[in-house]
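Spelled out, the chains give:
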Amino acid sequence: MVISAETRAKIDVEIAKYPQRRGGLLPALHLVQKEKGWIAADTARELAEIFGIKVVDVMEVVTFYNMFYDEPQGRHHVHVCTNLPCSLRGARDLLRGLEAHLGIDAGETTKDKRITLGHEECLGACGYAPMMRVDETYHEDLDLAAAKEIVDALK
Amino acid sequence: MGLKVPFVTGYLTEHFGDDAFTTLAGYRARGGYEAARKALSTMTPEAVVTLVKDSGLQGRGGAGFVTGLKWSFMPKTNDKPRYIACNADESEPGSFKDRILMERGAHQMLEGILIGAWAMQAEKTFIYCRGEYAFPGACVRRAIDEAYAAGIFGPSCLGTGFRHDVVLMMGAGAYICGEETGLLESLEGKKGQPRKKPPFPAQYGAFGMPTTVNNVESFSHVRHIINNGPAWFKSIGTEKSPGTTIFGVSGHVARPGLYELPLGTRLDEIVFQHAGGVPNGRKVKGVIPGGVSMPILPVGQLDVPMANEFLRDRKSMLGTGGIMVMDETTCMVRASCVITWFFRDESCGQCTQCREGTGWLNKIVTRLERGAGSMEEIDIQDDGTITIASVNADACNVARKRIEDITAEVEVGRIYEGTVLRLLDFGAIVQVLPGKDGLLHISQIAKERVNQVSDYVKEGQVVRVKVLEADDKGRLRLSMKAAAEDAAAAAAPAPAPSESTPAT
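These figures come from a predicted structure and were not determined experimentally. (Residues numbered from 1 in each chain as written. Chains lettered and ligands numbered in written order. Predicted model: local features only at pLDDT ≥ 70, side-chain atom pairs only at ≥ 80, totals over all residues.)

**Q** What's the story with the overall build of chain A in this structure? I'm lost.
**A** Counting its secondary structure elements, chain A contains seven helices and four strands. Tracing chain A from N to C terminus, the helices and strands come up as α-α-α-α-β-α-α-β-β-β-α. By its C-alpha atoms, chain A is 50 × 35 × 25 Å across when sized along the principal axes. Counting every position in chain A, which comprises 155 residues, the buried fraction comes to 44%. Summarising the internal contacts of chain A: among those between residues at least 6 apart in sequence, 56% fall at separations of at least 24. (Helix = DSSP H or I, 4+ residues; strand = E, 2+ residues; numbered from the N terminus. Buried ≥ 20, exposed ≤ 12 C-beta atoms within 10 Å, placed from the backbone. Contact = placed C-beta atoms within 7 Å.)

Written out as structure tokens, the structure reads:
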């Protein structure tokens, strides 16, 4: 058993909300990922058992959605939106600036596993561009100096 | 994070600056859940459907289908449970209104859901919120918990004996889940790949049960329609598109943000008056009126009222009302790269045309942007027909319009072979590219003085013209004289070609 009893109990609460068991799969993946940071093979196997489906059914869902990870991630996710509205207001320079600041390219994780940097498609902050998502928090109307400060404060 | 209150508010957003409005007590103090009480305790479900249908409310998620009509499609028999899915998967680039409707007005949305649930006699609503919207999702979750604790949802909604439950599901980052059948698949714990229609969701929806999918904003309008009646609702907006909507303005404007305005408000009024126009003294190059899936409007077409019946005439659509403004420094090919990358990245992979095609589109425009493209890369036949294959209407629209832009952006200083459309006393109207015509003034026809335009050109004739100027409304000033001078200048430095000139 790799999923903690606490998370498992929360998964059961979610499953009960849906007319079919599998409706709880996305909520379960969110819960497990919150605990583990990513979805490893043994986690996927246990989820498959919980939902009575095949491991491949779990993995195809994990790999379909951008927010589920099938490999280890940094402790924090820093995602810069680079879609058109943000691009028009300097998102690309912001991302390039953060790449230079952290010494990694978008899609990579810092050596100390502190930050995984990425670019993301529209995050629904078009009027407050450019912006970045740090884990669950939006930081909007950014410039590179402010973004660096936010990133540097991450432990 | 900051407080995101629209710059212009209307009935949907008038209390959004007030923190109390986000709580149940504050919402109730401003008449909250009175419309639901009225509907559930004094109106039959059929009467509610009829009322919403009569109001003419169109879905605000992009397609603009009449909400009440959609509700009427739900089967009336009780052999299967009926469900509602609230589409809170806002992810059309340029759109950020549903997020604010959830952050600042979650109870208003929930009240609309409860009224819809009564109208369709649905037993459960699944609110599908995009995964990245952690904060809006948390606001909705809090509102749901408050509403349950107050007996607004559950076994006896508002004490009426009507049962309705609400479940919030967070998505996990997939644009396609905003498509209603993709959303239903995702609710069922699967990849969000759209289903074939028919059967439509009203017959076979979430978990195989009859389901109606409506957008966050659509639900948010409902309480106001119940409170004030269809006649009031129809008095706002245009005849065919009643009510307000929340326009999101982004890109190159002085005041990007949200504006709640009646449908039918002119695009140029929104861009120039409300959003303050383009900063730094620059001019507008083009505006996308409703999310990146909607074809772009060139300057000169911005006088359009923002409602589908008018935008269709301009071969665009209202979509989600996400207005993206691009100034004259914007490279359209670069913008195409960004947009085609998005569609490539977000292709759900189900159909070959889109999975492969969006990738090729992106490769081609990227090559064009690097200056290494060629016209052959766009499949152009001799008659000028360009063939685009796609199973996804959105991607197809975008591709079509982008190609039109790439091929049809009139460049000042360039020489075109134009067709004379009609003659005027003082010149002629010449079409240089499909849909792009300009004025060839009488003084610009030839070096010598021209007395009669018809002495030099006639209708239907193909002439070589140079584009002298394109003003800020997109009107072109053309010159045959300058085109001829350029040709002469180009020939002048080299000796006049003769038969004896060596071939190599």
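**Q** Honestly, the interface of chain A and chain B in this entry has me stumped. Any pointers?
**A** When the parts of a complex come together, some accessible area is lost, and that lost area is often taken as the interface size. Counting from both sides, the interface comprises 35 residues of chain A and, opposite them, 48 residues of chain B. At the level of elements, α2 (25-36), α4 (55-64) and α5 (84-87) of chain A are the ones that each hand at least two residues to the side of chain A that touches chain B. With five residues, α2(A) is the single largest residue contributor to the side of chain A that touches chain B.

**Q** When you look at the domain arrangement of chain B in this model, what are you seeing that I'm missing?
**A** Residue and element names in this part refer to chain B. You can read the domains of chain B as domain 1 (19-234), domain 2 (244-327), domain 3 (332-408) and domain 4 (415-491). With seven residues of domain 1 in contact, the opposing surface of domain 3 contributes four residues. Class assignment for the residues of the side of domain 1 that touches domain 3 results in four nonpolar, three polar and no charged. (Domains from an automatic or database assignment. Nonpolar A, V, L, I, M, F, W, Y, C, P; charged D, E, K, R; others polar.)

**Q** Which parts of the structure should I look at to understand the sheet that holds strand β2 (residues 124-129) of chain B?
**A** Backbone hydrogen bonds hold the strands of a sheet together, and the pairing may be parallel or antiparallel. Residues and elements named next belong to chain B. With parallel pairing, four strands are arranged side by side in an open sheet as β3-β2-β1-β4. Of all strands in the sheet, those bounded by a partner on one side alone are β3 (165-170) and β4 (211-215). The sheet shows a mean angle of 20 degrees between the axes of neighbouring strands, direction not considered. Both strand β1 (residues 83-88) and β2 contribute to a ladder of six bridges, which runs parallel. Looking across to β2, one finds that A85 is bridged to F126. (Pairing = 2+ DSSP bridges. Axes fitted to C-alpha atoms, helices over the stretch in contact; angles between N-to-C directions.)

**Q** Help me out: how do you make sense of helix α2 (residues 34-42) of chain B in this one?
**A** The periodicity of an α-helix, 3.6 residues per turn, causes residues three or four places apart in sequence to face the same way. Residues and elements named next belong to chain B. Taken together, the buried positions of α2 are A35, A36, A39 and L40. On an axial view of α2, the arc spanned by its buried residues comes to 120 degrees, and they lie on one face. With respect to the buried face of α2, the exposed residues turned more than 90 degrees away are S41 and T42. On its buried face, α2 sits against α3 (45-55), α5 (97-120) and α8 (216-234). (Arc of directions from axis to C-beta.)

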